[in-house]
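For reference, the chains in residue letters:
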Amino acid sequence: MASVESQSGDVIVFTPKASKPPPPTTVGVLGWLRENLFYSWFSAIVTFAALYLIFITFAALYQWGIADAVWEAESRRQCLDASPHGACWAGIIVWFNGIIYGRFPLDEQWRVDLGFILLVLWLAPFWFPRLTGKIGIGITAVVFYPFLAGYLFAGGERGWFMQTMVLLAVTVFITNWLHIVVSMVTGRSLREWVVGVTGFADKHERLHKYPMLGFQGIVLIGVYLWLGNWSVSEVNTNLWGGLFLTLLISVLAIVTALPGGVALALARRSHMPVIRVSAIAFIELFRSVPLITVLFMAVTMMPLFLPPDFQLNKLVQAIIGVCLFAAAYMAEVVRGGLQAVPNGQYEAAKAMGLTYWKSMNLIILPQALKLMIPNIVSNFLGLVKDTTLVSIIGLYDMLLMLKAAGQNPIWIGLHTEPLVFGAIVYFILCFAMSQYSQALERKLKTTR
Amino acid sequence: MSEEVVLSGGEEHIASAISEEVVITFEDVNKWYGEFHVLKDINLSVRKGERIVICGPSGSGKSTLIRCINRLEPHQDGHIVVNGVNLDANVKNIDAIRSDVGMVFQSFNLFPHLTVVENCTLAPMWVKKMPLAEAEQIAMKYLERVKIPEQAQKYPGQLSGGQQQRVAIARSLCMNPSIMLFDEPTSALDPEMISEVLDVMVELAETGMTMLCVTHEMAFAKKVADRVIFMDFGEIVEENAPDEFFGNAKVDRTQLFLSQILAH
Ligand SMILES: Nc1ncnc2c1ncn2[C@@H]1O[C@H](COP(=O)(O)OP(=O)(O)OP(=O)(O)O)[C@@H](O)[C@H]1O
Ligand SMILES: [Mg+2]
C-alpha cells in the first residue's frame, strides 16, 4: 500500500515509497552460492560430488599432460623410457610442421602464411567502426582474393587469365587499403578524395567515376611493373595438407555456402516451376546423401561428366563436392529465415515499387540473415568438422597428418597425443566462431 | 468506436478539389482466390483529388479491392486502369505504377532493421535514384508533417503504434505519390492513438491528395469522404455521399451494418 496523507479538504496526494535494498542473503556471491548450490542438504551433496569428479578428472589430465609429460625426445621409445605414463608432446613438436602445413615444402611455407595474412588483412576492415564501403570490400574479397591465394599456394606458370586476376587482386587490395587510410585520415572515401584532388568535385556527379577509374588504372600499371614477371615455383596439390588444407576447404565451403544457399533458397521459392523443381531436386538430393558419398562421387564420377581434355585434380573435385553439399544444407537454413520474415515486409517493399532483387537485398535478406545467425554458425561449425572426411579419399588434411604421426616407424604408436592436440585445435577454432557469433547477435539485437 | 474518436478542427466536411480527370477505373472486375469469388463485377471510377471511404463487414473484399489498384493482387477478369495504364498480366512497368501509388497497411509494415529516416529514404533512393542528402531532406519534411521529426534516428520498434503508423504514412509520402491507399490504418491501434493518425490523414486530405481509405472510423468518413462505398460478399452494395450514406441509406444491408457499428 502506498503511504497516503490527507491534505486540506478531501484530496489525497499519492507519494511513492522509497526503495529499500534487498535482504543481504539474496545478493552477492554468498547469496548466489546459497541460492544455486547449497539451497538444501541434497543440493550441497550434489555440489560436492560434482566438484570432486571435476577435480579428479583434471588432476588425472594434469598428471598425464603436464606433470609427467615429455617435451624433448628423439623417438617414442625415448618418451616411454623417460616417462611411461606421461604424454609424449615431443612427438607433436617434431610433427608440428607437418600437422600445420602437410607436406608443403619447407622453403615455400611462407606462401601459405602470406596467403592467410592477406586474407586477414583483406577482411580486417569489417571490424573497423565508421568505415564506408564495407560491402564493396567484402565483394572484392570473394571475387579477387581466391585467385591471389590460389596462385600463392599453387604457383607455377601464370596463363593470361591468372595473370590478369592476380594483378587485379593486388590492385584491389592496395586501393582497398588506400581507401581505409584516406578514410581514417580525412574522413572522406578514397573516391571523394580522388575526385577532390583531380578537381572533378564541381563537375557533374556522373563524371565522378572517371578519376577513380584512372587512379585504379595507374595503380594497376604500377602493380604490373612490380609483379608482372614475379612468379613462385609450382607446388603440387598432393603436397598440400594439414591444418592448412583443413582451413582452405572450410573457408572455401563457408564462403560459397552462404551465397549458394541464398540462391538455392530463392530458387526454391521461385514462381517458375523449372527453377523451383530443379532447386528442390538439388537440395533434397544432397541432403539425403552422406558427405562421404558425395566426396567419393565427386572424385570418381565428376570426371565422367567433364570433357576428357578438361580434368580436375582430386583436391578441386573434393572442394566442389563439399561446397555443393554445404550450399544444399545452407539453402534450408536460409529458407527458414526467409519464412520468418513477415509477409507484410514483402508487401510493403513491393508497394513502394522496389524490384524483386532490391527488396530481397535491402529488406528481406538483412532481416532474415539476422534471424539465421545461430543456425548459420552451427552449420559452419559442422562444416569445419566435416572436412575431416576428406581424409577418407586420401587428402592429407589435419586428421590424416595426425594419424600419420603414429604410423611413422620412429613414432609408432603415438596416437593419443596427436588426437588430443587435434581436438584442442578444433576446439579453439569452433569455440572462437561460436563466441564470435554470439557477440554478433548481441550487437545486432541492440539495433533492432 | 466512432464516439471516442475526436478529430481536431471540428466536424464539418472539408472542402474537396475534385478535377474531371479520372485516375482509377474498375470495369466489371472479377477476382477469385482459387474457387472463392472474392470480387464480383466491381465498377468504380475515382477522379483526381477524390476521397473515398470503403467500409463493410470483415471478409467482404475491401482489402482485396484496394490491393488490386497497385496489383499486390492480380484480378482475373475485367479491366483496372490506373493513371492511364491498364493493369493486366503483361503490364510492363508495374513498379513505376507502384511507386506512384502509396499504400499504408493495418500492421504498419515498417522495416524494423532500418531507422525511421532510413525507412523514409529507402524507396526514393533505390527506386527514384535520389541522392542521399535530398532524400533525407524530403524525409525530414514529411516526418515534420506527421509531427515526429524528433524520432528520425530511432528504430520502429522503439515507437508507439500511432507513431509507427505516422512514419508509415510519411514513408509513402516521400515517394511523392499521386494516389494514397489506406487499408484499415487505425484498426491495430489503441483508441488514444487513433486520432493522432486520423488527424494526419485529414491534413493530407486537405492538400488535395486522391485517397482511398478502408476504415470504420465514421467521424473520419463524415469529415473527409466525398463518397462512401459499402461492400459485402465481394460486391459494392451501396455508393453514396456521406450525408446520404449515414443519414439515409438506401439498401437494407447498409442500414443493418450502420446500426451495428453505430450501436457499439
Ligand atoms: N490470399 C488469399 N487466399 C485465399 N483467400 C483469401 C486470401 N486473402 C483473402 N482471402 C479471403 O477473401 C475474402 C476477402 O478478404 P479481404 O481481406 O479482402 O476482406 P476484408 O474486407 O479486407 O476483411 P477485413 O475487414 O477482415 O480486413 C476473405 O473471405 C478472405 O478469407
Ligand atoms: Mg482487410
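Refer to the structure above for everything that follows.
If you're wondering where the values come from, they're calculated on a predicted model, not measured in any experiment.

Residue and element names in this part refer to chain A. In total, this model carries 24 aromatic pairs over all chains according to the counting rule given. Here F427 and F431 contribute two aromatic rings whose centre-to-centre distance is 5.1 Å and whose plane-to-plane angle is 10 degrees, an arrangement assigned as stacked. Of this pair, F427 and F431 both sit in helix 19 (residues 416-446), 4 residues apart, which is roughly one turn of the helix. The class for F431 is partly exposed, based on a relative accessible area of 41%.

What follows concerns the sheet that holds strand 1 (residues 22-33) of chain B. Residue and element names in this part refer to chain B. Across the sheet, 4 strands lie side by side as 2-1-4-5; this open sheet has antiparallel pairing. Bordering the open sheet on either side are strand 2 (36-47) and strand 5 (85-86), each of which pairs with just one other strand. Two strands pair when backbone bridges link them, and strand 1 and strand 2 are joined in this way by 8 bridges, in the antiparallel orientation. Looking at the pairing, F26 lines up with L44 of strand 2. Each of strand 1, strand 2 and strand 4 (77-82) is contacted by helix 1 (residues 62-69), which is oriented at about 125 degrees to strand 1, the strand it contacts most.

Interface size is commonly expressed as the accessible area that is lost once the parts come together. Every contact between the two is made by 23 residues of chain B and, on the other side, 19 residues of chain A. In total, about 1900 Å² of surface goes out of reach between chain B and chain A, with carbon and sulfur atoms giving 63% of it. On the surface where chain B and chain A come into contact, there are 1 salt bridge. When the shortest N-O distance is used, the salt bridge between R67 of chain B and E347 of chain A registers 2.6 Å. Viewed at the interface, chain A and chain B are joined by 6 residue pairs in polar contact (both at pLDDT 80 or more). Residue assignment for the side of chain B that touches chain A shows that the elements contributing at least two residues are helix 2 (94-100), strand 6 (101-104) and helix 3 (116-126) of chain B.

Summarising the element assignment, Q153 of chain B is placed in the loop between helix 4 (132-145) and helix 5 (161-173). A C-alpha to C-alpha distance of 11 Å links Q153 of chain B and L143 of chain B, two positions 10 residues apart in sequence.

Our next topic: the state of the cysteines. Here is the idea: a disulfide is a covalent bond, and it sits between the sulfur atoms of two cysteines. Residues and elements named next belong to chain A. Evaluation of the coordinates by the stated rule reveals 1 disulfide over all chains. Across the disulfide, C79 is cross-linked to C88 (sulfur-sulfur distance 1.9 Å). With the S-S dihedral at roughly 75 degrees, the linkage between C79 and C88 falls on the right-handed side. With respect to burial, C79 and C88 carry one shared label: buried. In this structure C323 is not part of a disulfide, and its nearest cysteine sulfur, from C430, lies 17 Å away.

Of note in this structure, E184 of chain B is not a glycine but carries a positive phi near 45 degrees. Among the structural elements, E184 of chain B can be located in the loop between strand 7 (179-183) and helix 6 (191-206).

Glancing now at the environment of I179 of chain B. Residues and elements named next belong to chain B. Along the chain, I179 falls in strand 7. You can call I179 buried: its relative accessible area is 0%. In this structure, the C-alpha to C-alpha distance between I179 and I69, residues 110 residues apart in sequence, is 9.9 Å. Leaving out residues up to four positions away in the same chain, I179 has contacts with V23, I24, V82, N83, D100, V101, G102, M209, T210 and L212.

This next bit is on the pairing of strand 8 (residues 210-214) of chain B. All names here are of chain B. The buried fraction of strand 8 is high, at 5 of 5 residues. Going residue by residue along strand 8, you find T210, L212 and V214 tucked away on one face and M211 and C213 tucked away on the opposite face as well. Inspection of the sheet shows strand 3 (residues 51-55) paired to strand 8 by 4 bridges, in the parallel sense. From the neighbouring strand, V53 faces strand 8, where its bridge partner is C213. Sheet topology places strand 7 next to strand 8; 5 bridges connect them, and they run parallel. Within the sheet, the bridge partner assigned to I179 lies in strand 8 and is T210. Regarding the hand of the β-α-β motif, the stretch spanning strand 7, helix 6 and strand 8 is right-handed.

About the criteria used
- Residues numbered from 1 in each chain as written.
- Chains lettered and ligands numbered in written order.
- Predicted model: local features only at pLDDT ≥ 70, side-chain atom pairs only at ≥ 80, totals over all residues.
- Heavy atoms only, no water.
- Phe/Tyr/Trp six-rings, centres within 6.5 Å; stacked < 30°, edge-to-face > 60°.
- Helix = DSSP H or I, 4+ residues; strand = E, 2+ residues; numbered from the N terminus.
- Buried < 20%, exposed > 50% of the residue type's maximum accessible area, 1.4 Å probe, protein only.
- Pairing = 2+ DSSP bridges.
- Contact = heavy atoms within 4.5 Å.
- Axes fitted to C-alpha atoms, helices over the stretch in contact; angles between N-to-C directions.
- Buried area = accessible area lost by both parts, 1.4 Å probe.
- Salt bridge = Lys/Arg side-chain N within 4 Å of Asp/Glu carboxyl O.
- Polar contact = N/O pair within 3.5 Å; in protein donor to acceptor, adjacent residues only side chain to side chain.
- Disulfide = S-S within 2.5 Å.
- Right-handed = clockwise from strand over helix to strand, strands pointing away.

In short, the description is geometric, and any link to function would need to be established separately.
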